Amino acid sequence: RRVLFRSQKMRDSLCEDITDFREQLIANLSEADEHWFEALRPLEGKQKNPFDQDYWNTLIRLDKVPIDLHFLEKPDPKETAPVRYFFDDAFLKALSESLKERSDRELAARLFCFRQSVRKEVHKIPAKRERYPRIIEEADYQADVYALLNEFFLKDIPYDEAAVYFVRMIRVLTETMWAFDKIESNRDEMEVQRTNRYLTWYYLGCLIGAGDGLPLEQILSLLARKPILELRLHAIQADGREKLVFDFKRFSKNDLGIAVFHNGKMVSRGNEEDELPLTDLIEGFREREPEKIKNVINALRLKI
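Let me sum up the structure you'll find in this document.

**Here we look at helix H10 (residues 290–302)**
Okay, step 1: Helix length check: H10 (13 residues) gives 18 Å between terminal C-alpha atoms against 18 Å at 1.5 Å per residue, within 8%.
Okay, step 2: Here H10 has its buried residues at Pro 290, Ile 293, Val 296, Ile 297 and Leu 300. The buried residues of H10 all sit within an arc of 135° when viewed along its axis, so they share a single face. H10 presents Asn 295 and Leu 302 as exposed residues on the side facing more than 90 degrees away from its buried surface.
Okay, step 3: Turning to H10, the residues buried within the fold contact helix H6 (162–182), helix H7 (192–209), strand S2 (228–232), strand S5 (257–262), strand S6 (265–270) and helix H9 (278–287).

Pasting the structure below:
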């Protein structure tokens, strides 16, 4: 009972933080600008808006996105089919184990709320979506970037701390994903679009945090052009739920590969000794060990 009480108390606290924080964010939006990014007032002088392009222009200002706190409701125990993306007791326990600081858990909930709200309002993703992993991957990326940018600019983070804060947000974003995946019983498979989402954000995190960290202008330019990362992993199957998944049990070490397409250039690497330890990447996904994945992705970055 004490565990359940603490979980509900945490949900209530997260709900209050999101509501208060969103009101503060909306109060800081520019009334004059209709474009969701320009309303954040991030640019000075004649700097070009990197998100003024068709790919991004369908998104809307935060104050026009109805807030969706459904994920913080306690799931109905009478439901026979589990609903995955709820902050239920098992998820909150997993999240608390990876994000020890309360401020990180609050950030996790805010980012999740902002991305889920814009996906529901703008992307109109239906419940039956398993057959379209490529579309879900694009919608996820847009929603993730939208959440990160609203958090960063409206919280008024100093621009010279941009790289540090974006790296922190990416860590919190991916650890939130892992909290859902760590409570899954089957660790030998993962949805294709979900695997790609991890690869994308670890790659971007490595680029943003490299060296002394990228300046804000380069971070924005980087985020505005989604990189595509793809595993050469042949064991892709459709299960009874019609999901496309990677089966991490069945693969040939010699056939493993990874490719990146970014800024109009494709780079691919294999699993050979002088290339990349891609078996570590697979183990990272199977064992839910993010550091193994990040180490391989950072090695990939250094070879590009």
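**A closer look at the sheet that holds S2**
Okay, step 1: The sheet built from three strands is open, its strands ordered S2-S5-S6 with antiparallel pairing. In the strand order of this sheet, the two ends are held by S2 and S6, each with one partner. With direction set aside, neighbouring strand axes in the sheet form an average angle of 15°.
Okay, step 2: The pairing of S5 with S6 spans six bridges and is classified as antiparallel.

**Side note on the packing of aromatic side chains**
Okay, step 1: A complete count under the given rule lists 27 aromatic pairs for this structure.
Okay, step 2: With 5.5 Å between their ring centres and 25° between their planes, Tyr 141 and Trp 201 make a pair best called stacked. With Tyr 141 in helix H5 (residues 133–154) and Trp 201 in helix H7, this residue pair connects regions lying 60 residues apart in the sequence. Each member of the pair, Tyr 141 as well as Trp 201, is classed as buried.
Okay, step 3: Between Phe 152 and Phe 166, the ring centres sit 4.9 Å apart and the planes meet at 35°, which makes this aromatic pair tilted. Of the two residues, Phe 152 sits in helix H5 while Phe 166 sits in helix H6, which places them 14 residues apart along the sequence.
Okay, step 4: Residue class for Phe 152 comes out buried when judged on its relative accessible area of 0%.
Okay, step 5: You can call Phe 166 buried: its relative accessible area is 0%.
Okay, step 6: Above the ring of Phe 21, the side-chain terminus of Arg 110 is found at 4.0 Å from the ring centroid.
Okay, step 7: Sitting over the face of the ring of Tyr 141, Lys 226 holds its NZ or CZ atom 5.8 Å from the ring centroid.

Calculation criteria
Residues numbered from 1 in each chain as written. Predicted model: local features only at pLDDT ≥ 70, side-chain atom pairs only at ≥ 80, totals over all residues. Heavy atoms only, no water. Helix = DSSP H or I, 4+ residues; strand = E, 2+ residues; numbered from the N terminus. Expected span 1.5 Å × (residues − 1). Buried < 20%, exposed > 50% of the residue type's maximum accessible area, 1.4 Å probe, protein only. Arc of directions from axis to C-beta. Contact = heavy atoms within 4.5 Å. Pairing = 2+ DSSP bridges. Axes fitted to C-alpha atoms, helices over the stretch in contact; angles between N-to-C directions. Phe/Tyr/Trp six-rings, centres within 6.5 Å; stacked < 30°, edge-to-face > 60°. Lys NZ or Arg CZ within 6 Å of the ring centre and 35° of its normal.

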